[in-house]
Amino acid sequence: MSQTPLYKRILLKLSGEALMGNGSYGIDPETAARVSREVKQARDIGTEVCIVVGGGNIFRGIKGAAEGLDRSTADHMGMLATVMNALALQNALEKVGVDTRVLSAIPMASVSEPYIRRRAIRHLEKGRVVIFAAGTGNPFFTTDTAAALRAAEMNCDALLKGTQVDGVYNADPKLDLSATRYEKLSYMDVLSQDLKVMDASAISLSRENNIPIVVFSIHTENELVNVLNGAGTCTTVG
Ligand code: UDP
C-alpha cells in the first residue's frame, strides 16, 4: 500500500490511561508494546511522529491537591509521572526498532534531553520519534494543552488524540446506546457545547493555529495507520 498519508507530521496525544491496559494503575508492558507497534506503522508510511504522553495512570495534580497537597507541588508530581510514562514508551518503541528521543520540559539531564524546539524539529527531520515529557513544564496546565502547544511549535499538520472511544459522541456511547458519533465538528461546536474532546485551552490553541484535532480509538488495532490513510473511524475537529 503506497499511499500518501493524510498528514506529513502529527502530534499523537496519549493519555496515561492509554498505557494502563486493563489495569487500574501504572503501565501495562503489553499495551505499551502494542501502542509502539502502531506508532511504528505510522513511521513506516512516512509520517513524522511526536508524542505527548499524560500521567493520569500514575498521578493527577488535581487529586493530590484535593488530598491536601499544595496545587503547584501536586502538579509537579503529575509532570514527573509523565516522565515515567515517556521513558516506558521510549523503551517499548526502541524494542520495535523505532529511534526515539525523550525531551523533557523539566530538565532531567540523566534521563532525557531538555526541551529545545529546534532540536526537536531536527530529530523529527531525521525520522526519530520525539516524546515530549513533563507537559508544558508549568503547573495548572494539562498534557492536552501541552499537546496543542507542542503541535503548534512543531508545525504539525494534525493533533491525533488516541482515546477510549472512536470519536466524539453526542452522549456517552457506553451508557446510551442511541448515542451517535460526529464525523466533523468545528472548534466552536466543541467549546460552545462543552464536548469532552480536550480542555478548552487546548481547543483554543489548536483553533488559533488552525491545527485539526482527530479523535480516534487507541484500543482499535491498526487504527492510527488507518486514520492516517483516511480509512479509520474518527471525529475531526477543525
Ligand atoms: N501537568 C501539569 N502541567 C502540564 C501538564 C501536566 O501540571 O503542563 C500535571 C497535572 O497535575 C496533571 C498531571 O501532570 O494532572 C498529569 O497530566 P494529565 O492529567 O494531563 O494526564 P492524562 O490525563 O493525559 O493522563
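Residues numbered from 1 in each chain as written. Predicted model: local features only at pLDDT ≥ 70, side-chain atom pairs only at ≥ 80, totals over all residues. Heavy atoms only, no water.

A.B. asks: If you had to explain the overall build of the chain to someone new, which residues and values would you point to?
C.D. replies: For the chain, the count of helices and strands is 8 helices and 9 strands. Against the compact-globule benchmark of 18 Å for 238 residues, the chain has a radius of gyration of 17 Å, which places it among compact chains. Viewed in the frame of its principal axes, the chain has a C-alpha envelope of about 45 × 45 × 35 Å. Here the chain, with 238 residues, has 50% of them falling under the buried criterion. (Helix = DSSP H or I, 4+ residues; strand = E, 2+ residues; numbered from the N terminus. Rg over C-alpha atoms; globule rule 2.2 N^0.38 Å. Buried < 20%, exposed > 50% of the residue type's maximum accessible area, 1.4 Å probe, protein only.)

A.B. asks: Explain the nonpolar core to me, and be specific about the residues and the numbers.
C.D. replies: If you look at soluble globular proteins, the nonpolar side chains tend to sit buried side by side. Counting 35 residues, the largest nonpolar core has Leu14, Ile51 and Leu160 as its most contacted members. It is helix H3 (residues 71-95) that contributes the most residues to this core, 6 residues altogether. Beyond its immediate chain neighbours, meaning those up to four positions away, Leu160 contacts Tyr7, Ile10, Leu11, Leu12, Lys13, Val214, Phe216, Leu224, Val227 and Leu228. Core analysis: the second largest hydrophobic core is formed by 30 residues, Val52, Tyr115, Ala148 and Val168 among them. (Core = buried A, V, L, I, M, F, W, Y, C linked by side-chain atoms within 4.5 Å. Contact = heavy atoms within 4.5 Å.)

A.B. asks: Got a sec to walk through the site of the ligand? Specific residues and values, please.
C.D. replies: Around the ligand sit 19 residues, and of these Arg60, Asp75, Thr136, Asn138 and Thr143 come closest. One nitrogen or oxygen atom from the side chain of Asp75 is found 2.5 Å from an oxygen atom belonging to the ligand. A distance of 2.7 Å separates a nitrogen atom of the ligand from a polar atom in the backbone of Asn138. Computed on the free molecule, the ligand has an accessible area of 520 Å², of which 92% lies beneath the protein chains in the complex. (Near = heavy atom within 4 Å. Polar contact = N/O pair within 3.5 Å; in protein donor to acceptor, adjacent residues only side chain to side chain. Areas by Shrake-Rupley, 256 points an atom, 1.4 Å probe, with all protein chains shown as cover.)

A.B. asks: Quick rundown of the pairing of strand E1 (residues 9-14)? Include the residues and the values.
C.D. replies: For E1, the buried fraction is high: 6 of the 6 residues fall into the buried class. The side-chain alternation of E1 yields two buried faces, one formed by Arg9, Leu11 and Lys13 and the other by Ile10, Leu12 and Leu14. When E1 meets strand E2 (residues 48-53), the two strands line up parallel, connected through 6 bridges. Residue pairing for E2: Arg9 is matched across the bridge by Glu48. This β-α-β element, E1 to helix H1 (residues 29-44) to E2, shows right-handed connectivity. (Pairing = 2+ DSSP bridges. Right-handed = clockwise from strand over helix to strand, strands pointing away.)

A.B. asks: Please set out helix H4 (residues 117-125) residue by residue, giving values where relevant.
C.D. replies: Of all the positions in H4, only Ala120, Ile121, His123 and Leu124 are classed as buried. Taken end-on, H4 shows its buried residues confined to a sector of 155 degrees, consistent with a single buried face. Elements in contact with the buried residues of H4: E1, E2, strand E3 (100-104), strand E4 (113-114), strand E5 (129-133) and helix H5 (143-153). Residue Gly127 follows H4 closely and has a positive phi angle near 90 degrees. (Arc of directions from axis to C-beta.)

A.B. asks: Provide a residue-level description of the sheet that holds strand E7 (residues 184-185), including the pertinent values.
C.D. replies: Spatially, 9 strands are ordered E4-E3-E5-E2-E1-E6-E8-E9-E7 in an open sheet, and the strand pairing comes out mixed. Single-partner strands in this sheet number two, and they are E4 and E7. The sheet contact formed by E7 and strand E9 (residues 234-237) spans 2 bridges and is parallel. Each residue of the ladder has a partner; that of Leu185, found in E9, is Val237. On top of the sheet, H1 reaches E1, E2 and E5; it is set at about 150 degrees to E2, its chief contact. (Axes fitted to C-alpha atoms, helices over the stretch in contact; angles between N-to-C directions.)

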